[in-house]
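What follows is the residue order along each chain.
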Amino acid sequence: MALSGKRILLVIGGGIAAYKSLDLIRRLRERGASVRCILTAGAQHFITPLAASAISGQRTHTDLFDREDEADIGHIRLARDADLVVVAPATANLMAKMAGGHADDLASTVLLATTLPILLAPAMNVRMWLHPATQRNLATLQADGIRTVGPNEGAMAEAETGPGRMAEPLEIVAAIESRFAPSGPLVGKHVVVTSGPTHEPIDPVRYIANRSSGKQGHAIARAAAAAGARVTLVSGPVDLADPAGVTTIHVESAREMLDAVETALPADIGIFAAAVADWRVANAGEQKIKKNNGALPNLALTENPDILATIARRNEGRPQLMIGFAAETENVIEHARQKLAKKGCDLIVANDVSTGTGVMGGDSNTVHLVSPAGVETWPTLSKTDVARKLIERLGQMMKGAGQ
Ligand code: C5P
């Protein structure tokens, strides 16, 4: 279903076209979206909150100062807990209030408080639509990044013709679908990202770990999804939320991570940002190791599989671009060059993680891109910006390779 899982906040303004909004709710739900409605006072002259609730299957909101509403969900949460705000019908008055930043009822307050994308379906008398004030407001709203669908030309309720008629529900649905349609340099590509540390068990309660937070890997997964890619994130144990719009697979150990990556393939791009433990305990037991009068446990280490090298050296099913990371504490670039060759990847993102840089667990990163073409050093950036820039670069590399 085209709108599966999408949450629409539908603001219904006070115009006769409000009756069509009930059909719009039904059409959106048929396509898998959930719809929550806000009715202005004007809208309630044309349709009732009960009708909107019955068709949407959710409580309808009308009053800014409703004690129950504020205790239950609150206008700020209403403005946040959705993927898209649709205003249909958007009356001349509602558009004027939005353009002027007014907040004197629930609908206008939510519209001012929201940072979500907004789609307007204007509907009003033709002279009101063509009035310079409305056209000025429209230009202001469009400059604010708000998109519109309609109005259409045609016969209107007051037996006049001209532009002003609200777009048909199916046209509004199409406009909503196109807002959600993926776009960006990685549309149609599958990107597999590893992130975070691995935990290698010593016994059922103890493990070997490292200081990786997963912030850089998770930011890369988010940036790849924002660039239109289908993203599978294989994450070690981290304290971060699963990124929205990304399939996240949780693993603990290096061997589990390798299995999950192999299951996620085929992919077009593999980005291996995880700090995988190099060794695991070969003699990890089923039972907790007990203290034994000062005798030290004998832990035997064995090498973990190198996930990046295993996948990059495949003859068949190797992603077209393989990106490794090199967290080093000395000779960063030299070690990165060696890793590029040893692991068989196309690009190494190298960084200095020595004590004092604050990279491990921190929010910013200074990276060097090491490839057969040479070395490029980026200024210190937030991990989010490193992720965006890296994804942009990978998009160019895919295009350069004629994909
Ligand atoms: O050899 P080193 O651990 O420094 O290599 C770092 C790069 O190799 C990272 O991209 C990391 O995700 C990957 N790696 C891996 N499997 C391992 C060790 C490292 O995929 N066992």
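Here's what I pulled together on the structure shown here. (Residues numbered from 1 in each chain as written. Predicted model: local features only at pLDDT ≥ 70, side-chain atom pairs only at ≥ 80, totals over all residues. Heavy atoms only, no water.)

A count of helical and extended segments in the chain gives 14 helices and 21 strands. Relative to its length of 403 residues, the chain is extended, with a C-alpha radius of gyration of 27 Å against a globular reference of 22 Å. Each of the three principal axes of the chain carries a C-alpha extent, and together these read 90 × 55 × 40 Å. For the chain, the proportion of its 403 residues judged to be buried stands at 47%. Long-range pairs, those at least 24 residues apart, make up 66% of the contacts in the chain with a sequence separation of at least 6. Of the roughly 19700 Å² of accessible surface on the chain, a fraction of 50% belongs to carbon and sulfur atoms. Across the chain, the 41 positively charged side chains and the 42 negatively charged ones have centroids separated by 2 Å. (Helix = DSSP H or I, 4+ residues; strand = E, 2+ residues; numbered from the N terminus. Rg over C-alpha atoms; globule rule 2.2 N^0.38 Å. Buried < 20%, exposed > 50% of the residue type's maximum accessible area, 1.4 Å probe, protein only. Contact = heavy atoms within 4.5 Å. Areas by Shrake-Rupley, 256 points an atom, 1.4 Å probe, with all protein chains shown as cover. Lys, Arg positive; Asp, Glu negative; His and termini not counted. Charge placed at Lys NZ, Arg CZ, Asp CG, Glu CD.)

Turning our attention to the side chain of Lys-343. Note on placement: Lys-343 falls in helix 13 (residues 332-343). Every residue in contact with Lys-343, bar those within four places of it in the chain, is listed here: Asp-306, Leu-308, Ala-309, Ala-312 and Arg-313.

As a matter of local geometry, the ligand sits amid Phe-272, Ala-274, Val-276, Asp-278, Pro-305, Asp-306, Ile-307, Leu-308, Gly-324, Phe-325, Lys-339 and Lys-343. A distance of 2.9 Å separates a nitrogen atom of the ligand from a polar atom in the backbone of Ile-307. The side chain of Lys-343 places a nitrogen or oxygen atom 2.8 Å from an oxygen atom of the ligand. About the coverage of the ligand: the protein hides 88% of its 440 Å² of free accessible area. For the shell around the ligand, the secondary structure elements donating two or more residues are helix 12 (307-312), strand 16 (321-328) and helix 13. Split by residue class, the shell around the ligand holds 7 nonpolar, 1 polar and 4 charged. (Near = heavy atom within 4 Å. Polar contact = N/O pair within 3.5 Å; in protein donor to acceptor, adjacent residues only side chain to side chain. Nonpolar A, V, L, I, M, F, W, Y, C, P; charged D, E, K, R; others polar.)

This part is about the pattern of salt bridges. A side chain of one charge can pair with a side chain of the opposite charge when the charged atoms of the two come close. This structure, assessed with the given rule, holds 20 salt bridges. The partner of Glu-30 in a salt bridge is Arg-31, and the shortest N-O contact between them spans 3.6 Å. Since its relative accessible area comes to 44%, Glu-30 is described here as partly exposed. With a relative accessible area of 22%, Arg-31 lands in the partly exposed category. In this structure, Glu-168 and Arg-165 form a salt bridge, with 3.3 Å as the shortest nitrogen-oxygen distance. What makes Glu-168 partly exposed here is its relative accessible area of 29%. The class of Arg-165 is partly exposed, set by a relative accessible area of 30%. (Salt bridge = Lys/Arg side-chain N within 4 Å of Asp/Glu carboxyl O.)

To continue, consider the pairing of strand 19 (residues 367-371). Of all 5 residues in strand 19, 5 are buried, a share of seventy percent or more. Side chains Val-367, Leu-369 and Ser-371 project from strand 19 onto one buried face, and the interleaved His-368 and Val-370 project onto a second face that is buried too. By the bridge criterion, 4 bridges tie strand 19 to strand 20 (residues 374-377) in an arrangement that is antiparallel. Residue pairing for strand 20: Ser-371 is matched across the bridge by Gly-374. As consecutive antiparallel partners, strand 19 and strand 20 are separated by 2 residues. (Pairing = 2+ DSSP bridges.)

Moving on, we come to the sheet that holds strand 1 (residues 7-12). Overall, parallel pairing links the 5 strands, which are arranged 2-1-3-4-5 in an open sheet. Each edge of the open sheet is held by one strand with a lone partner, namely strand 2 (34-39) and strand 5 (147-148). Pairing of strand 1 with strand 2 involves 6 bridges; the strand directions are parallel. Within the sheet, the bridge partner assigned to Ile-8 lies in strand 2 and is Val-35.

Here we come to helix 8 (residues 132-143). Because each turn of an α-helix spans 3.6 residues, side chains separated by three or four positions in sequence point in the same direction. Taking 1.5 Å of rise per residue, 12 residues should cover 16 Å, and helix 8 covers 16 Å from first to last C-alpha, within 8% of that figure. Within the sequence span of helix 8, burial applies to Thr-134, Asn-137, Leu-138 and Leu-141. Taken around the axis of helix 8, the buried residues stretch over an arc of 105°, which confines them to a single face. The outward face of helix 8, more than 90 degrees from its buried face, is lined by the exposed residues Arg-136 and Ala-143. As for helix 8, its buried residues are in contact with helix 5 (92-100), strand 4 (118-122), helix 7 (126-130) and strand 5. (Expected span 1.5 Å × (residues − 1). Arc of directions from axis to C-beta.)

Orientation of helix 10 (residues 215-226) relative to helix 14 (residues 383-400), taken along the N-to-C sense of each, is 45°, at an axis distance of 8 Å. One way to sum up the angle between helix 10 and helix 14 is to call them oblique. Crossing handedness for the pair helix 10 and helix 14: right-handed. Across the interface between the two elements, Lys-215, Gln-216, Ala-219, Ile-220, Ala-223 and Ala-224 from helix 10 touch Lys-383, Thr-384, Val-386, Ala-387, Arg-388, Leu-390 and Ile-391 from helix 14. Of the residues in the contact of helix 10 with helix 14, the class split is 8 nonpolar, 2 polar and 3 charged. (Axes fitted to C-alpha atoms, helices over the stretch in contact; angles between N-to-C directions. Parallel < 35°, antiparallel > 145°, perpendicular 65-115°, else oblique. Left-handed = near helix turned anticlockwise from the far one by under 90°.)

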